[in-house]
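Chain residues, written in single-letter form:
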Amino acid sequence: MIRLVIMGAALIFASNAAHARQTGAPNEAIMGVWANPSGSVRVRIEECGTKLCGVVVYANEKAKADAAKAGTDVLIGINLFREFYRYGRNKWRGKGLVPDLDRTVGGELKPISADTLQVHGCMFGHVGCKNQKWTRVSN
């Protein structure tokens, strides 16, 4: 009888562990390194305290120059995505820096596949909005 209980508990544990690996923690869906559509900037989304942020880990020379013209002297290492928190089933809200405009805007991140992240931001409320599809890259 004890053997059956132990076997049953082991099966339940194994099933729960497999489910946890498949679904992962809620934030794992967007954590990692992502490239913008042109490939000019790469951001590593990671935990920053209780929220998520996106730190620039790569920028090409044009992206660096455009950011510098607008007042962002050092692009690599800044938090492009800031204070993102999960809301709803598969969405995150927070703020995004637009370095070539030196503006912070409200934004939303939503994975649309394992390797594609929809990034949405608006300059004022729902005015001046832009959507981009970012691609996951290896670290």
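Since the structure is predicted, the reported quantities are computational estimates derived from the model, not experimental observations. (Residues numbered from 1 in each chain as written. Predicted model: local features only at pLDDT ≥ 70, side-chain atom pairs only at ≥ 80, totals over all residues. Heavy atoms only, no water.)

Caption draft 1: A look at the overall build of the protein chain. Along the protein chain, the regular secondary structure elements total two helices and eight strands. Of the regular secondary structure in the protein chain, the N- to C-terminal order runs α-β-β-β-α-β-β-β-β-β. Nonlocal contacts in the protein chain, meaning residues at least 24 apart in sequence, comprise 33% of its contacts between residues at least 6 apart. (Helix = DSSP H or I, 4+ residues; strand = E, 2+ residues; numbered from the N terminus. Contact = heavy atoms within 4.5 Å.)

Caption draft 2: Structural view of unusual backbone geometry. At Glu 83, a position not held by glycine, the phi torsion is positive, near 55°. Looking at the secondary structure, you find Glu 83 in strand E4 (residues 79-87). Assessed through its relative accessible area of 44%, Glu 83 is described here as partly exposed. Unusually for a residue other than glycine, Asp 102 sits at a positive phi of about 55°. Considering the arrangement of structural elements, one finds Asp 102 in the loop between strand E5 (91-98) and strand E6 (103-113). (Buried < 20%, exposed > 50% of the residue type's maximum accessible area, 1.4 Å probe, protein only.)

Caption draft 3: Up close: the state of the cysteines. The full count for this structure, using the stated rule, is two disulfides. Note on cysteine connectivity: Cys 122 is disulfide-linked to Cys 129, with sulfurs 2.0 Å apart. Torsion about the S-S bond of the Cys 122 and Cys 129 cystine: about 105°, corresponding to right-handed handedness. Judged by its relative accessible area of 8%, Cys 122 is buried. In this structure Cys 129 comes out as partly exposed when scored by relative accessible area, which is 36%. (Disulfide = S-S within 2.5 Å.)

Caption draft 4: View of the nonpolar core. Residues Ile 45, Phe 81 and Leu 109 are the most contacted members of the largest nonpolar core, which totals 21 residues. For this core, the elements supplying multiple residues, two or more each, are strand E2 (41-48), strand E3 (51-59), helix H2 (61-70), E4, E5 and strand E7 (116-124). Contact partners of Leu 109, with chain neighbours within four places excluded, come to Ile 30, Ile 45, Phe 81, Phe 84, Asn 90, Lys 91, Trp 92, Leu 117, Gln 118 and Val 119. (Core = buried A, V, L, I, M, F, W, Y, C linked by side-chain atoms within 4.5 Å.)

By themselves these figures say nothing about function.
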